[in-house]
Amino acid sequence: MSGAAKAVLTIHPNSSQIFSGESVTLRSLPKATLTVKPNPVFPGETVTLTCSVGSDSIWNYQWYKDSNDYVLPQSARHTITGDTLTINGATVNEGPYWCQGERESRPTSSSISDPVTITVNALPVASVSVSPQGLLYSGETVSLQCDIPGYTDWMYYWYKNNRYLPSQTSKAIDITIPITLTGQAGQYRCEGLRTDQPQRSQPSDDITISVTALPKATLTVEPNPVFPGETVTLMCSVGSDSIWNYQWYKDRTDNVVSQSGYSNIGVSHISRADVSDQGQYWCEGNRVSRPTSSQPSDPVTLTVKSLPKTTLTVKPNPAYTGEKVTLMCSVRYDSIWNYQWYKDWNYNVVSQSVRHTITGDTFTISRAAVSDQGPYWCEGNRVSRPTSSQPSTAITLTVKALPKTTLTVKPNPAYTGEKVTLMCSVRYDSIWNYQRYKDWNYNVVSQSVRNAITGDTFTISRAAESDQGQYWCEGNRVSRPTSSQPSTAITLTVKDPNPVFPEETVTLMCSVGSDSRWSYQWYKDRNYNVVSQSVRHTITGDTLTISRVTESDQGLYWCQGERRSRPTSSSISDDVTVTVNNYQPKTTLTSDKENIFTGDRVTLSCTVESSGWTFYWYRHRPDSTPVTTTSVYSYILSRVSVSDGGQYWCRAGRGDPVYYTLYSDPVQINITERPVAVLTLQPNWTQIFIRETVTMRCDIQGEGDSDWDYRMYKNSQLLLPLNTKSEYRISPVYRSNSGSYTCEGVKGSTFSKTSEAVKLTVSDQPKAVLSISPQWLNPGDSVSLRCEVDKTSADWRFSWYRTVPNRAGLPSLSDKSYSLQPLSDNGTSEDSYTLIPAGPTPTGGYVCRAGRGDPVYDTLYSEPQFLWSADLQPSVSLTVNPNITQHFRSKSLSLSCELKGNSTGWRLKRYTETAWTSECPSTWRSITESTCTITSLNTGDSGVFWCESGSGEYSNAVNITVNDGDVILESPVHPVTEGDSVNLTCTFRYQETNPKPKTDFYKDGELIKNETTGEMTIPTVSKSDEGFYKCKSDEGESPESWVTVRVVSPGPSTSVLVGVVVGLVVAGVLLVILLVLLVRYQNRKGPLSPREPTRTPNRTKGLPRARLLILDSAEASAAGPSHVTYAQIQLKKLDKKKKGDSQL
């Protein structure tokens, strides 16, 4: 069959016999119509062929394929149901197909349909494109895009290493390559599905992601180890031919080293190394072209060694005047050092002089003097590293006066023939030898028949007139001090024989220097006047005793020895004069001190004109029992107290029976409490800082400044010998000056009590700490700045600054990041400063510092603190993409300064917990100075971000939080306006595994809502909705985010409209009142005469006056937020001018 229509002859009427004259109608068989859907078709799709015959009878259908004689049977791929043939899984072109209808009634069959061929088109083939192309590096983000040509509306399916990725359904996906991964990162392919034809694509070929290791940065540190004060050079390099910028890190990955002392050109310098610079350093490179960053370098530990210690020895110390003192400086290091010497303060370099010699490590003081006293220290310096040592500990050289020698002569005056004892003593704890001198320095007293030297005593056995003169002595010994000061010279006076007084007993003794027994003969006045025994004269052996002496006993006496053996007699002795003074002697009492303080030693001396007396001492009354009796003429009161004061007397007695002198005149001993020294620190601050000026003042309580000298001690060591000035000034002060200080007053041999100790603690220069409250600006609010210095310090005056771009003539921060513009001329005595009003202008950085004293001593500047506004600004706005404040770690983030108008020169800034401001971090990919993109967020990237212009303007600020957990809260980045609708969304890191978990929402820590959708909507937000929000579910808990609500005041036009309405209402009310009054008045008067005009009486007297106040828009704004318009209407008196006229 060719497929042409088959002719069918039909005869009507339906009769087997046709008569002449009848008409016959011939009709064609009804033709079958074949439709195919879809056609063309794609491999694997199902095709439906429908056959229909345009007749109202029920037909059965026969199907043909390839030829009209091949009837298509049912099969696995071919299903015949009624008028439909279904072909499952078409793969290649098929056909042609025909169909034909069949039935029992006439016509029993239809014409065969036109043939239809099924066309099977090839499925579109997916392909994957990779961006960036070329080498891929660790840590980068790779974008894969699935392209299926010719069709749209695909749903994309991604596979990695033949495993389906259910979370990736986009045409383009981003893959972040772990920073540690190299080699193959996986094989990726994609395919598409859709609802229209074709319903799927062929899978793409596998794309292999190969990762190349990032070039590694190399860090060198020279020198290392380093010494304090030296310059350290850190050099970072990446083995590549491109230009790199560098980021530096210390101790931890989120501690980016700020610009102070460092640079981004690969070479950084620490100009004055300190112990705080010690630690691990590493660096990494970054640049615009790929790879945008390098691997971090291996960490290098910078060691800051202490400068070698300098040791100072001082020998001897304490030294004595005149001694040689040797100061030796040494550094325990293997090189030759030169030494610098200092005395008293840092700038007083000790130089050579006549008495001062410097030789190598030794400084020699040849003859120490009191002026050499004071603190000394030294330090070493040399050409090789380290070029200097630490200064030695200061050692205070004390130069003491040589110990004083004391000479006592008893008796003095002496009488011829008496024994005189001269005793020399040095108040020191060692044994001394003594040298004695008479009349001049070279006349050394030596031993003789009458002069005996025993230890500290020189004895003249029989004083003669030739023994008269000046005597002094000095001590010497082997140990230090080897000599003492010479004693004060004492003049010995030798008088005629000791006088006697009436009624005394006189004893004369005669001796001959031989071992035989002698008898003695006594003579008076002349050789032949032999003294014989009598009532008052008794001769016993070698002794003549004259009792109850009278004036007649006065005269010359001598004696001679006699014996039987040869020689039978001796030579006659020298004569001795006995003088009898015809009166009773009187003693004289004196005290060695006039002003006596408790604790002093007081010596009372009782003198009488002759010797051999015993002394009797009395207190309060002379006729009382003696306080004490002494064989010497002095009475010592040790460590007196106030109770030891009063009147004292003395008298002397000698002989047996005792012969007494007259009582002395009384001496009044007044004892007062010892004055107390008081040491004060000026200024009286408990905390002192290096380079301040300190004055210590020593005052003697109740004594004023009269005649006192002063001694100052540090840590119980003499710091300042006798000084006539009561003040000791230290300028500048250093940590080495810390210590415990005391002082005492000295007046002659009198000392005050030592003062209570004053502790001086010297600390490093303090740094001010600034806080701002609130730190986020609300329009109309005042902002308080608070500046704090070390809490133990006082008397500060505070200066306040605003950070501005670097300008000549203004002070700058140490890292030169900002200049500082003073907020006031003179600063404040208060530690707080208020910015009023707070508006767009105050946003920015603020710094403070404090100063005190005269001259002014300043603290270090505080770290800048920033005042931010979340409100959009007219010149620039900071946009965030994604536009949320909380972000997951490892996700990407882009921040951009969107400029408005002609504003230029903006840079993105940030403030984090670990560093205050920095520009786009090197780990970020910076497109321009005003745009930064981070490919993989870290928790250390959390902080406040804003845009800052070269002229000091600020954009709105955004507080970004990077969360390491699994839940974040998506909330508005900018303040919302009262009345708006606000959506809060709780987002989960693995949202596809649990797309809508039950979520609790909290405000300011209180549960406010439960949602099953993960979202919460505030349909009409108000100021009361402002606060901290967070969400919580089984997946975890988000950080808190602050939602700011701004209240919009009605504008000027609204205010004017409200004012007009209120004014009209008031005017209307007053008009109604007026009409009512008029009607009532008219009713009282009765009906008006039609012939008389109406008269309006004056009824306004006593009525209150209303006011009309019309404010323009500016005044209305100043009037306050209510913007009410008031009205004043004044009702004036109605004057009767003529009938029927009235006036308002």
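Thresholds applied
- Residues numbered from 1 in each chain as written.
- Predicted model: local features only at pLDDT ≥ 70, side-chain atom pairs only at ≥ 80, totals over all residues.
- Heavy atoms only, no water.
- Helix = DSSP H or I, 4+ residues; strand = E, 2+ residues; numbered from the N terminus.
- Buried < 20%, exposed > 50% of the residue type's maximum accessible area, 1.4 Å probe, protein only.
- Polar contact = N/O pair within 3.5 Å; in protein donor to acceptor, adjacent residues only side chain to side chain.
- Contact = heavy atoms within 4.5 Å.
- Pairing = 2+ DSSP bridges.
- Axes fitted to C-alpha atoms, helices over the stretch in contact; angles between N-to-C directions.
- Disulfide = S-S within 2.5 Å.
- Phe/Tyr/Trp six-rings, centres within 6.5 Å; stacked < 30°, edge-to-face > 60°.
- Lys NZ or Arg CZ within 6 Å of the ring centre and 35° of its normal.

The name that an unreviewed UniProt entry assigns to the protein chain is Basement membrane-specific heparan sulfate proteoglycan core protein-like, with the source organism given as Salvelinus namaycush.

Draft legend 1. Focus on the side chain of Ser955. In this fold, Ser955 is placed in the loop between strand S84 (943–948) and strand S85 (958–963). Note on Ser955: relative accessible area 2%, which makes it buried. Reaching out from Ser955, the side chain makes a polar contact with the backbone nitrogen of Cys947 at a distance of 2.8 Å. Excluding anything up to four places from it in sequence, Ser955 contacts Ser869, Gln873, Val876, Ser877, Leu878, Trp906, Trp946 and Cys947.

Draft legend 2. Focus on the sheet that holds strand S38 (residues 457–460). In spatial order, the strands read S33-S35-S38-S37; together these four strands make up an open sheet with antiparallel pairing. Looking at which strands have only one partner, the edges of the open sheet turn out to be strand S33 (405–410) and strand S37 (451–454). Going from strand to strand, the sheet's axes swing by 15° on average, the running direction of each strand aside. Pairing of strand S35 (residues 420–426) with S38, which is carried by four bridges, proceeds in the antiparallel orientation. If you follow Val420 over to S38, its bridge partner there is Ile460.

Draft legend 3. Just the environment of Gly940, in detail. Within the fold, Gly940 resides in the loop between strand S83 (931–934) and S84. Since its relative accessible area comes to 22%, Gly940 is described here as partly exposed. Put simply, Gly940 and Val962 are 22 residues apart on the chain and 7.7 Å apart in space, counted from C-alpha to C-alpha.

Draft legend 4. Geometry of the state of the cysteines. Under the definition given, this model contains eleven disulfides. One disulfide in the model links Cys329 with Cys378; its S-S distance is 2.0 Å. Judged by the sign of its S-S torsion, about 90°, the cystine formed by Cys329 and Cys378 is right-handed. Taken as a pair, Cys329 in strand S26 (residues 325–331) and Cys378 in strand S30 (residues 374–381) lie far apart in primary sequence, 49 residues in all. Each of the two residues, Cys329 as well as Cys378, counts as buried. Covalently, Cys787 is tied to Cys848 through a disulfide, its sulfur atoms 2.0 Å apart. Because the sign of the S-S torsion sets the handedness, a value of about 80° for the bond joining Cys787 and Cys848 places this disulfide among the right-handed ones. Here the residue Cys787 occupies a position in strand S70 (residues 783–788), and Cys848 occupies one in strand S74 (residues 844–852), the gap between them amounting to 61 residues.

Draft legend 5. How the structure looks around the environment of Val221. Here Val221 shows up in strand S17 (residues 217–222). Measuring from C-alpha to C-alpha, the distance between Val221 and His269 comes to 9.8 Å, with 48 residues separating the pair along the chain. Among all residues touching Val221, those that are not within four sequence positions of it are Val232, Thr233, Leu234, Val300 and Leu302.

Draft legend 6. Layout of the packing of aromatic side chains. Under the counting rule described, the total for this entry stands at 29 aromatic pairs. Each ring, one from Phe458 and one from Tyr471, has its centre 6.4 Å from the other, and the planes form 40°; the classification is tilted. You can see Phe458 sitting in strand S38 and its partner Tyr471 sitting in strand S39 (residues 469–476), a full 13 residues away along the chain. The interplanar angle of 5° and the centroid separation of 6.2 Å between the aromatic rings of Phe501 and Tyr659 together place this pair among those described as stacked. Here the residue Phe501 occupies a position in the loop between strand S41 (494–495) and strand S42 (506–509), and Tyr659 occupies one in strand S56 (residues 659–660), the gap between them amounting to 158 residues. Tyr659 carries the same exposure label as Phe501, and that label is buried. One aromatic cluster is present, formed by Trp776, Tyr818, Phe866, Trp868, Trp946 and Tyr954 through successive ring pairs. Above the face of the Tyr159 ring, Arg189 is positioned so that its terminal group lies 4.6 Å from the ring centre. Over the ring of Trp613 we find Arg654, and its NZ or CZ is 4.0 Å from the ring centre.

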